[in-house]
Amino acid sequence: MRYFRLLKESVRSGTIAALVMMPFGLLLKFLDLRVGYYGPKLGALLFDDPNRFVLFLQHLVIGWVSALPLLLILVRLHGRAAPMAIGAAYGLAYYVVVNSFALPLFFGDPTPWQLGLSFIYPSVLIHLVFGICIGATSRKFVANEGARG
């Protein structure tokens, strides 16, 4: 696999998915549900007092980094499973590992599992959207790279 192509696709698909998930997050926030809780906390840790533009850029970079493992999985499983189903499974796994355990542990917060379903499902939904979007937008890349390997 050509690593530059992988990085380029990670930025492309990661950007698209990061943007696609935003309206869903805004809707859920409008409904007074907890989503995007750790973005500002991480931003404050990294940048002291980040403005909205810095948080937006952080969101994009996290999307790029988060897309990379999924792209590797999609290339590896090319032709053996539906890309959007793999993306959905990845989104769910990402939520469980990162957002429901690692980040609460790191920041000393209770886990969503301790707080209840209303703290779980909004973020799960957003992560499903992210993974499904990567599965859909990376099809050409995955087909090209899967044919090489």
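Residues numbered from 1 in each chain as written. Predicted model: local features only at pLDDT ≥ 70, side-chain atom pairs only at ≥ 80, totals over all residues. Heavy atoms only, no water.

1. Regarding the overall build of the chain
Turning to step 1, where the next piece is worked out: Along its length, the chain carries seven helices and zero strands.
Turning to step 2, where the next piece is worked out: Along the chain, helices and strands appear, N-terminal first, in the series α-α-α-α-α-α-α.
Turning to step 3, where the next piece is worked out: For the chain, the C-alpha radius of gyration of 16 Å lies close to 15 Å, the compact-globule estimate for 149 residues.
Turning to step 4, where the next piece is worked out: Expressed as lengths along the three principal axes of its C-alpha atoms, the size of the chain is roughly 45 × 30 × 25 Å.
Turning to step 5, where the next piece is worked out: Among the 149 residues that make up the chain, the fraction classed as buried is 37%.
Turning to step 6, where the next piece is worked out: Considering only residue pairs separated by 6 or more positions, the chain has 76% of its internal contacts joining residues 24 or more positions apart. (Helix = DSSP H or I, 4+ residues; strand = E, 2+ residues; numbered from the N terminus. Rg over C-alpha atoms; globule rule 2.2 N^0.38 Å. Buried < 20%, exposed > 50% of the residue type's maximum accessible area, 1.4 Å probe, protein only. Contact = heavy atoms within 4.5 Å.)

2. Describing a nonpolar patch on the surface
Turning to step 1, where the next piece is worked out: On the surface, L45, L46, F47 and F106 cluster together to form a nonpolar patch covering roughly 450 Å² of accessible area.
Turning to step 2, where the next piece is worked out: If you tally residues by element for the nonpolar patch, the top one is helix α2 (residues 38–47), at three residues.
Turning to step 3, where the next piece is worked out: As for its placement among the helices and strands, L46 is situated in helix α2.
Turning to step 4, where the next piece is worked out: Residue L46 is classed as exposed on the basis of its relative accessible area, which comes to 52%. (Patch = residues over 30% accessible without salt bridge, like charges linked within 9 Å, V, L, I, M, F, W, Y side chains within 5 Å. Areas by Shrake-Rupley, 256 points an atom, 1.4 Å probe, with all protein chains shown as cover. Salt bridge = Lys/Arg side-chain N within 4 Å of Asp/Glu carboxyl O.)

3. Quick look at the pattern of salt bridges
Turning to step 1, where the next piece is worked out: One pass over the structure, following the stated rule, counts three salt bridges.
Turning to step 2, where the next piece is worked out: The residue E145 makes a salt bridge to R5 at a minimum N-O spacing of 2.7 Å. Here E145 is found in helix α7 (residues 139–148), whereas its partner R5 is found in helix α1 (residues 3–30), with 140 residues between them in sequence.
Turning to step 3, where the next piece is worked out: Residues E9 and R12 are paired through a salt bridge, measuring 2.9 Å at the closest nitrogen-oxygen approach. With E9 and R12 both in helix α1 and three residues apart, this pair spans about one turn of that helix.

4. Focus on the side chain of S66
Turning to step 1, where the next piece is worked out: Within the secondary structure, S66 is located in helix α3 (residues 52–76).
Turning to step 2, where the next piece is worked out: Classification of S66 as buried rests on a relative accessible area of 5%.
Turning to step 3, where the next piece is worked out: Among the polar contacts made by the side chain of S66, one reaches the side chain of Y94 at a distance of 2.8 Å.
Turning to step 4, where the next piece is worked out: Excluding its chain neighbours within four sequence positions, the residues that come into contact with S66 are Y90, Y94 and F130. (Polar contact = N/O pair within 3.5 Å; in protein donor to acceptor, adjacent residues only side chain to side chain.)

5. Section: the environment of G131
Turning to step 1, where the next piece is worked out: In this fold, G131 is placed in helix α6 (residues 117–137).
Turning to step 2, where the next piece is worked out: Its relative accessible area of 0% is what places G131 among the buried residues.
Turning to step 3, where the next piece is worked out: Placed 12 residues apart in sequence, G131 and F119 show a C-alpha to C-alpha distance of 20 Å.
Turning to step 4, where the next piece is worked out: Non-local contacts of G131, meaning those with residues more than four positions away in its chain, are made with L70, G87 and A88.

6. Considerations on the packing of α1 against α3
Turning to step 1, where the next piece is worked out: Two elements in contact, α1 and α3, have axes separated by 7 Å at closest approach and are oriented at 120°. For the element pair α1 / α3, the angle class is oblique. Here the hand of the crossing between α1 and α3 comes out right-handed. Contacts between α1 and α3 involve L6, L7, E9, S10, V11, G14, T15, A18, L19, M21 and M22 from the first element and F56, H59, L60, G63, W64, A67, L68, L71 and L72 from the second.
Turning to step 2, where the next piece is worked out: The class makeup of the residues in the contact of α1 with α3 is 14 nonpolar, five polar and one charged. (Axes fitted to C-alpha atoms, helices over the stretch in contact; angles between N-to-C directions. Parallel < 35°, antiparallel > 145°, perpendicular 65-115°, else oblique. Left-handed = near helix turned anticlockwise from the far one by under 90°. Nonpolar A, V, L, I, M, F, W, Y, C, P; charged D, E, K, R; others polar.)

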